Every structure is written in structure tokens, then in C-alpha cells.
Amino acid sequence: MSEKNSNFAGKMKQVRPKKNLGQHFLTDLSIAKRIADTVDACPDLPVLEVGPGMGVMTQYLVEKPREFKVVEIDRESVAYLNEHFPQLHDNIIGDDFLRMDLHRLFDGRQFVLTGNYPYDISSQIFFKMIDNRDMIPCCTGMIQHEVALRMVSAPGSKDYGILSVLVQAWYNVDYLFTVEPDVFNPPPKVRSAVIRMTRNETQQLGCDEQLFKRVVKTTFNQRRKMLRVSLRQLLPAESSLFMLHASLLTRRPEQLSIAEFVELTNLVASELNAD
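Here is a short report on the structure shown in this document. (Residues numbered from 1 in each chain as written. Predicted model: local features only at pLDDT ≥ 70, side-chain atom pairs only at ≥ 80, totals over all residues. Heavy atoms only, no water.)

1. Let's talk about the packing of aromatic side chains
- One pass over the full model with this rule turns up four aromatic pairs.
- Considering the side-chain rings of phenylalanine 220 and phenylalanine 261, the 5.7 Å spacing of their centres and the 35° angle between planes classify their relative orientation as tilted. A residue pair is termed long-range when its members are at least 10 positions apart, and phenylalanine 220 in helix α8 (residues 209-220) and phenylalanine 261 in helix α12 (residues 258-274) qualify at 41 residues. An identical accessibility class is assigned to phenylalanine 220 and phenylalanine 261; each is buried.
- Among the aromatic side chains, those forming a connected cluster through ring pairs are Tyr160, Phe220 and Phe261.
- Over the face of the ring belonging to phenylalanine 97 we find lysine 128, whose NZ or CZ atom lies 5.5 Å from the ring centre.
- Taking NZ or CZ as reference, arginine 199 lies 5.9 Å from the ring centre of tyrosine 171, over its face. (Phe/Tyr/Trp six-rings, centres within 6.5 Å; stacked < 30°, edge-to-face > 60°. Helix = DSSP H or I, 4+ residues; strand = E, 2+ residues; numbered from the N terminus. Buried < 20%, exposed > 50% of the residue type's maximum accessible area, 1.4 Å probe, protein only. Lys NZ or Arg CZ within 6 Å of the ring centre and 35° of its normal.)

2. Brief notes about the nonpolar core
- One finds Leu113, Phe126, Met151, Met197, Phe212, Phe261 and Leu264 to be the most contacted residues of the largest nonpolar core, which totals 56 residues.
- A per-element tally of this core places α12 first, with six residues.
- When neighbours within four sequence positions are excluded, phenylalanine 126 is seen to be in contact with Tyr117, Cys139, Ile143, Met151, Ile195 and Met197.
- By size, the runner-up hydrophobic cluster in this structure holds 28 residues, among which are Ile31, Ala36, Cys42 and Val183. (Core = buried A, V, L, I, M, F, W, Y, C linked by side-chain atoms within 4.5 Å. Contact = heavy atoms within 4.5 Å.)

3. Notes on helix α6 (residues 145-152)
- Of all the positions in α6, only His145, Val147, Ala148 and Met151 are classed as buried. Each buried residue of α6 sits inside an arc of 160° when the element is viewed along its axis, so together they form one side.
- In the core, the buried residues of α6 are packed alongside α5 (122-131), β6 (138-144), α7 (162-168), β7 (171-179) and β9 (192-199). (Arc of directions from axis to C-beta.)

4. Some points on the sheet that holds strand β4 (residues 92-93)
- Strand order in the open sheet formed by seven strands is β4-β3-β2-β5-β6-β9-β7, and the pairing between neighbours is mixed. With partners counted over all chains shown, the strands left at the sheet margins are β4 and β7, one partner each.
- Of the strand pairs in this sheet, β7 and β9 are connected by eight bridges, and their pairing is antiparallel. When the sheet's bridge partners are listed, tyrosine 175 is paired in β9 with isoleucine 195. (Pairing = 2+ DSSP bridges.)

5. Focus on the side chain of threonine 265
- Tracing the backbone shows threonine 265 in helix α12.
- For threonine 265, a relative accessible area of 1% puts it in the buried group.
- A polar contact of 2.7 Å, which involves the side chain of threonine 265, links it to the backbone oxygen of phenylalanine 261.
- Beyond its immediate stretch of four places on either side in the chain, threonine 265 contacts Cys207, Asp208, Leu211, Phe212 and Val215. (Polar contact = N/O pair within 3.5 Å; in protein donor to acceptor, adjacent residues only side chain to side chain.)

6. Considering the environment of valine 216
- Along the chain, valine 216 falls in helix α8.
- Considering only alpha carbons, one finds valine 216 and glutamate 238, 22 residues apart in sequence, at a separation of 22 Å.
- The residues contacting valine 216, other than those within four sequence positions of it, are Ile162, Val165, Leu166 and Phe261.

7. Structural notes on the pattern of salt bridges
- Under the definition given, this model contains eleven salt bridges.
- The shortest N-O distance in the salt bridge between aspartate 37 and lysine 33 comes to 2.8 Å.
- Residue class for aspartate 37 comes out partly exposed when judged on its relative accessible area of 27%.
- For arginine 99, the salt bridge goes to aspartate 96, with nearest N and O atoms at 3.5 Å.
- A single salt-bridge network, built from bridges that share partners, covers Lys33, Asp37, Asp40 and Lys64. (Salt bridge = Lys/Arg side-chain N within 4 Å of Asp/Glu carboxyl O.)

8. Some details on empty space enclosed by the protein
- One pass over the full model with this rule turns up one cavity of 30 Å³ or more.
- The calculated volume of the largest cavity comes to roughly 40 Å³.
- What lines the largest cavity is Ile130, Leu166, Trp170, Leu205, Glu209, Phe212 and Lys213.
- Of the residues forming the lining of the largest cavity, the biggest block, three residues, is contributed by α8.
- Residues belonging to the lining of the largest cavity are distributed by class as follows: five nonpolar, no polar and two charged. (1 Å grid on protein atoms, 1.4 Å probe; cavity = no way out; pocket = protein on both sides within 12 Å on 5 of 7 lines; lining within 4 Å. Points joined across faces, edges and corners; volume = space filled by probe spheres on them. Nonpolar A, V, L, I, M, F, W, Y, C, P; charged D, E, K, R; others polar.)

9. With respect to helix α2 (residues 29-36)
- Of all the positions in α2, only Leu29, Ile31, Ala32, Ile35 and Ala36 are classed as buried. Taken down its axis, α2 places every buried residue within 155° of arc, on the same side.

10. A few points about the pairing of strand β2 (residues 47-50)
- Burial along β2 is two-sided: Val47 and Glu49 facing one way and Leu48 and Val50 facing the other are all buried.
- As paired elements, β2 and strand β3 (residues 68-71) share four bridges and run parallel to each other. Note on β3: the bridge partner recorded for valine 50 is valine 71.
- Bridge count for β2 against strand β5 (residues 112-115) is four bridges, and the pairing is parallel. Within the sheet, the bridge partner assigned to glutamate 49 lies in β5 and is threonine 114.

Right, here's the structure in full:
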């Protein structure tokens, strides 16, 4: 073990990972640096790190010549960060990322989002990213391997689902590399993956965005059923949609592209407006 890794291992004992916060502290500094360096693909923007814990990634991010802040909900970790990263004074935010007004972080400017995201709330973090996509043109970081597979999956894959459609509607997603469990304290029961998301050129979906989310979630919540079955939760049984678009509605949600979900949303909207 290198001297730097040994020093960090000694510090690990100062903050206890908390199961209720989904904390798994990364202990391999070479991997931490690789993750931190993923933000270099989105240069010139401020960086926000979510859930820094004891700063294994922070120590590399803080060296980059750009504005940098961290947000951490765990008070023990906040105290540790304040002690060991005095250069981040006033830029260590003790708050819940999911409840924050992101427009106030960097005075309304765009920023890069990164972190070793807690497994149990990573999807919620990305849904918030989508809702604030005007602020976040780039997002990188480490998540559960299975979630990463969902995010990069194409139509027809068993991993293609709600997260795939809602993220890919607005972002291009790249799977960068896999991380094994033995580099964490405590080791998770699953592998992890590092991803990068960058805003695509889509500015408008071409449909009602809220209804689009409802259609995607409603159909994938019954992913084994044909669309004509799952959509009965949104449409009256006598809806003409079931007769006029029978060929589309005999398909299952994992078979639809994002463009086809947009088309389906517009069909549902026309039926709801007619009703």
C-alpha cells in the first residue's frame, strides 16, 4: 500500500459509514482520481460534488482550477470536511441535495454534477438533474452497476426502462468503467460503474413533458403487458385510441424508442383532451 493510500486508510476510521444514508466509502485513491477526472470532459464550469463523505474524490477535485462546492447531508462528514479541507471554507454545504434550490448554488450559472452517489437515491438524483437540465449540462460519477446498465440501454434490452427513457430523452450517456466491491468500506454487495451524461440537442420533446413522464412510468410499471392494457389506467375503456392504433398498442414498452413514446404521449393527450 502506498504512503498516500495508507494515510487515507488511517483517516477512514474517523467517520463511520452509515447504513441509513447508503454510505460506502471509496478507499482506492487511484479510482477516486479517475472518477474526479471525469469532470474534465466538461471544462470551464463550476463543479458540485454530491455526498463527498471524507473527501476521497474531493482531494482531487479541489485541485482543479475551477469553482468547486460540495453538498453533504451527514453532519459527521461535514465536520470532517471542514477540518481537513479548510480551503473549501463556505463551500461545504450541509444540506440534502434532493431538497436544494440548484439555481442558487452558483448564482444561476450552469455547473457540472459529480459524486459517488448513494445507491438508494441515485435515481432520484438523476430525476432532479433532468428537472434542472438547464443548469446541469454535464453529470458524472459512480452508481450501482445495474442502474448504469439501465441508463445506457437501448430499446429491446431487458435493462431498458423508465430511467433509460427519461434520462436519454435529454442526455447522452456513456458507460466509462466498472468498479469492484472490494475498494469500498464497507464493501457493497454489488459492483459499481462510473458514467458520464452530457446534454443532447433536444430542447423540446414535442409533447406535454409531464404527461410523457406519466405514460413512461405507467407503461413500464406493467412492462410485461401490452400498451393497450397498461394505458387503461390513463384512458377510458371506450377510448378510440384502442381501435385506431391497435398495432402500436399491441407492443410492450421496452420496444418503444423515445420518439415513439413522444408519439404515444401525443395520442394519449388528444384522447384526454377529447374526453
